[in-house]
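Chain by chain, the residues:
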Amino acid sequence: MGDQRRPLQPGDPAPAFALAAANREGIVSLDSLRGHAILIGLYRGLHCPFCRRQVLQLAGVQDALRPMGVETLAVINTPVDHARLYFRYRPTPVTLLCDEDCLTHHAFGVPYLEFLPGGGGERSEWPYRASMAQFEAARINPTGELPEAVQPMEANAVFNAKDGFELDDIDSAIFESHGTQLVGHFLIDAAGIVRWVQIEARDGPNSLCVFPDAEQMVAAARNLEDPA
């Protein structure tokens, strides 16, 4: 798994971060949110249609979580000016933070997939290392909108076309640099301690782009109020 760290687990302290916001002024940091519980989603860039959908869907989750004292953040792997342009036309009340280098993703231990060289000399260790053949054999239908499960890159193309989304040079550069970054969701309590973790595709490539739903996130937040 190279120099990748394992994902943070419940009981671990959350790592410090300070990121530019796309839909509010200034920098948002972990320290600035001390005293508040936080649900933070760490997503790929705008090239990922399933990440775009999840970010927008978080608005409904935020409405349910805020009365429980939980703030909601979405960290997007894209430059802040690029995110501002996109979300100007697709606004969401969720606080949007930008990390074009995925440094926050890596600090939380969210894996990114590295493809093994040909020849079969190294062993696969999903979700850190896999052969290209293993990835190409994956079939997904995460939202149930497709008539059948398809290869992940085909699914991306279908949904980007459905959304009328065309990758520009910035999106293409982010995809080239961080296209295999996975997604992570973390619930952090008011003291800065991780209490709940969900990592994309932990059980294999056929669960790529499957993210926790609103019910799962709300249930995790309820456990902060009643850990028993």
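Remember, it's a predicted structure, so these values are computed and weren't measured experimentally.

A. Region of the structure containing the environment of Leu 187. Mapped onto the elements, Leu 187 comes out in strand 8 (residues 184-188). On the accessibility criterion, Leu 187 (2% relative accessible area) is buried. In this view, Leu 187 contacts Ile 38, Leu 39, Val 70, Ile 193, Val 194, Arg 195, Trp 196, Ala 220, Ala 221 and Leu 224; residues no more than four positions away in its chain are not counted.

B. A look at the sheet that holds strand 9 (residues 194-199). A sheet is described by the order of its strands in space; here seven strands give the open sequence 2-1-5-4-3-8-9, paired in mixed fashion. Since the sheet does not close on itself, it has two edges, and those belong to strand 2 (27-29) and strand 9, each with one partner. Across this sheet, the average inter-strand angle for adjacent strands is 30°, counted without regard to direction. For strand 4 (residues 70-76) and strand 5 (residues 95-98), the ladder comprises four bridges, and the chain directions are parallel. By the bridge assignment for strand 5, Leu 73 is matched with Thr 95.

C. Highlighting the layout of surface pockets. Of the voids in this model, the largest pocket is the one considered here, and its volume is about 300 Å³. Along its surface, the largest pocket is lined by 19 residues, and Phe 135, Met 153, Phe 175, Gly 179 and Thr 180 are the ones closest to its centre. Going through the elements one at a time, helix 4 (132-136) and helix 5 (152-163) are the ones with two or more residues in the lining of the largest pocket. Considering each element in turn, the lining of the largest pocket owes the most residues, three residues, to helix 5. When grouped by side-chain class, the residues that make up the lining of the largest pocket number 12 nonpolar, five polar and two charged.

D. Broad picture of unusual backbone geometry. The omega torsion across Trp 126 and Pro 127 is 5°, close enough to zero to call that bond cis. Mapping Pro 127 onto the fold places it in the loop between strand 6 (114-115) and strand 7 (129-130). At Cys 102, a position not held by glycine, the phi torsion is positive, near 60°. The topology assignment puts Cys 102 in the loop between strand 5 and helix 3 (103-107). The class for Cys 102 is buried, based on a relative accessible area of 0%. One non-glycine residue, Ala 201, adopts positive backbone phi at about 55°. Note on placement: Ala 201 falls in the loop between strand 9 and helix 7 (214-225). Looking at Ala 201, the relative accessible area reads 4%, which means it is buried.

E. Representation of the pairing of strand 8 within the structure. Buried residues dominate strand 8, accounting for five of its five residues. Every second residue of strand 8 is oriented toward a common face, with Gly 184, Phe 186 and Ile 188 on one face and His 185 and Leu 187 on the other, all of them buried. Note: strand 3 (residues 37-43) against strand 8, five bridges, orientation antiparallel. Considered in strand 8, the bridge of Leu 39 is made with Leu 187. Here five bridges tie strand 8 to strand 9, and the two strands are oriented antiparallel to one another. Directly across from Ile 188, in strand 9, lies its bridge partner Val 194. Hairpin connection of strand 8 to strand 9: five residues between the antiparallel strands, including Gly 192 at a positive phi of 85°.

F. Structural context of the packing of aromatic side chains. By the definition in use, this model includes six aromatic pairs. On the numbers, 6.4 Å between centres and 70° between planes, the contact of Tyr 43 with Phe 211 is edge-to-face. Here Phe 211 lies in the loop between strand 9 and helix 7 and Tyr 43 lies in strand 3, a separation of 168 residues in the sequence. Given a relative accessible area of 1%, Tyr 43 falls into the buried group.

G. Main features of the state of the cysteines. Taken as a whole, this structure holds zero disulfides when the rule is applied. The structure places no disulfide on Cys 98, whose sulfur is separated from the nearest cysteine sulfur, that of Cys 102, by 12 Å. Cys 98 gets classed as buried once you look at its relative accessible area, which sits at 8%.

H. Representation of the pattern of salt bridges. Applying the stated rule across the entire model yields 10 salt bridges. For Glu 125, the salt bridge identified is with Arg 6, shortest N-O distance 2.9 Å. Of this pair, Glu 125 sits in the loop between strand 6 and strand 7 while Arg 6 sits in the segment before strand 1 (18-21), and the two are 119 residues apart along the sequence. Given the relative accessible area of 24%, Glu 125 is considered partly exposed. Of the charged contacts, one joins Arg 34 and Asp 31 as a salt bridge, the two residues approaching to 3.5 Å between their closest N and O atoms. According to the relative accessible area criterion, Asp 31 is exposed, its value standing at 55%.

Each value, and the rule that gives it
- Residues numbered from 1 in each chain as written.
- Predicted model: local features only at pLDDT ≥ 70, side-chain atom pairs only at ≥ 80, totals over all residues.
- Heavy atoms only, no water.
- Helix = DSSP H or I, 4+ residues; strand = E, 2+ residues; numbered from the N terminus.
- Buried < 20%, exposed > 50% of the residue type's maximum accessible area, 1.4 Å probe, protein only.
- Contact = heavy atoms within 4.5 Å.
- Pairing = 2+ DSSP bridges.
- Axes fitted to C-alpha atoms, helices over the stretch in contact; angles between N-to-C directions.
- 1 Å grid on protein atoms, 1.4 Å probe; cavity = no way out; pocket = protein on both sides within 12 Å on 5 of 7 lines; lining within 4 Å.
- Points joined across faces, edges and corners; volume = space filled by probe spheres on them.
- Nonpolar A, V, L, I, M, F, W, Y, C, P; charged D, E, K, R; others polar.
- Phe/Tyr/Trp six-rings, centres within 6.5 Å; stacked < 30°, edge-to-face > 60°.
- Disulfide = S-S within 2.5 Å.
- Salt bridge = Lys/Arg side-chain N within 4 Å of Asp/Glu carboxyl O.

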